[in-house]
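Examining the three-dimensional arrangement
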Amino acid sequence: MDRKLSSNEKYKILFVCLGNICRSPAAQAVMQRLVDERGLTERFLIDSAGTSGYHDGDLPDRRMRVHARPRGYELTHRSRRVEGSDFEEFDLIVAMDSANAADLRELAATPEEVRKIELISPYINHPHYDYVPDPYYEGSEGFELVLDLLEDACRNLLIKVLS
Ligand code: 4NP
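Let me sum up the structure you'll find in this document. All values reported here derive from a predicted model rather than from experimental measurement.

Calculation rules
- Residues numbered from 1 in each chain as written.
- Predicted model: local features only at pLDDT ≥ 70, side-chain atom pairs only at ≥ 80, totals over all residues.
- Heavy atoms only, no water.
- Near = heavy atom within 4 Å.
- Polar contact = N/O pair within 3.5 Å; in protein donor to acceptor, adjacent residues only side chain to side chain.
- Areas by Shrake-Rupley, 256 points an atom, 1.4 Å probe, with all protein chains shown as cover.
- Nonpolar A, V, L, I, M, F, W, Y, C, P; charged D, E, K, R; others polar.
- Helix = DSSP H or I, 4+ residues; strand = E, 2+ residues; numbered from the N terminus.
- Pairing = 2+ DSSP bridges.
- Axes fitted to C-alpha atoms, helices over the stretch in contact; angles between N-to-C directions.
- Contact = heavy atoms within 4.5 Å.

**Digging into the site of the ligand**
- Around the ligand, a shell composed of C17, L18, G19, N20, I21, C22, R23, Y54, H55, D134, Y136 and Y137 is seen.
- The separation between an oxygen atom of the ligand and a polar main-chain atom of G19 is 2.8 Å.
- For the ligand, an oxygen atom lies 2.8 Å from a polar atom in the side chain of H55.
- Taken by itself the ligand offers 350 Å² of open surface, and the protein chains cover 92% of this.
- The class makeup of the residues in the shell around the ligand is seven nonpolar, three polar and two charged.

**A look at the side chain of S48**
- Residue placement: S48 occurs in strand β2 (residues 44–50).
- Side-chain polar atoms of S48 contact the side chain of Q28, separated by 2.7 Å.

**Describing the sheet that holds strand β1 (residues 11–17)**
- Judged by pairing direction, the sheet is parallel, and its four strands sit side by side in the order β2-β1-β3-β4 without closing on themselves. Here the strands that pair on one side only, and so sit at the sheet edges, are β2 and β4 (117–119). Ignoring which end each strand starts from, the neighbouring axes of this sheet average 25 degrees apart.
- Examined bridge by bridge, β1 and strand β3 (residues 92–95) share four bridges and lie parallel to one another. Along β3, the bridge assignment pairs I13 with L92.
- Sheet strands in contact with helix α4 (residues 98–107) are β1, β3 and β4, and its direction is about 170 degrees off that of β4.

Written as structure tokens, this is what we have:
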């Protein structure tokens, strides 16, 4: 994490998964609420994108929305693919798993852009997972697990950004 929150410019975080319809839009909503709860809405820009364009323009997966809603998250993001300009625009690009991180490194144009990519792993405290597993082919438990992991990881990531 080269840059942390400073007084004058918005801190911009991009969450990235494969399809941008399950994990990363959920991460975006979880982090947005944490920022809002702390009165920091104007200081941050939180967005998400996917390494594939499979679901371009789609709302998050219905199952992800159904599981997020009781926790108070309305997922309204429209899926989009990561683009080269994201590496200039964002301060921090957070990958949900190592495949996402590898794909992002392929897209980065400079060493500085590579340094903006971080795996979510160090922010997760879970006995079995140090990444956010793809829930797409899983049942309900998979979607609940994604939200549990993200609520923990985003809280820890925000502490680091603010430190
Ligand atoms: P996500 O989940 O990367 O968390 O959005 C997936 C969504 C769609 C597909 C794979 C993963 N897919 O293959 O269509």
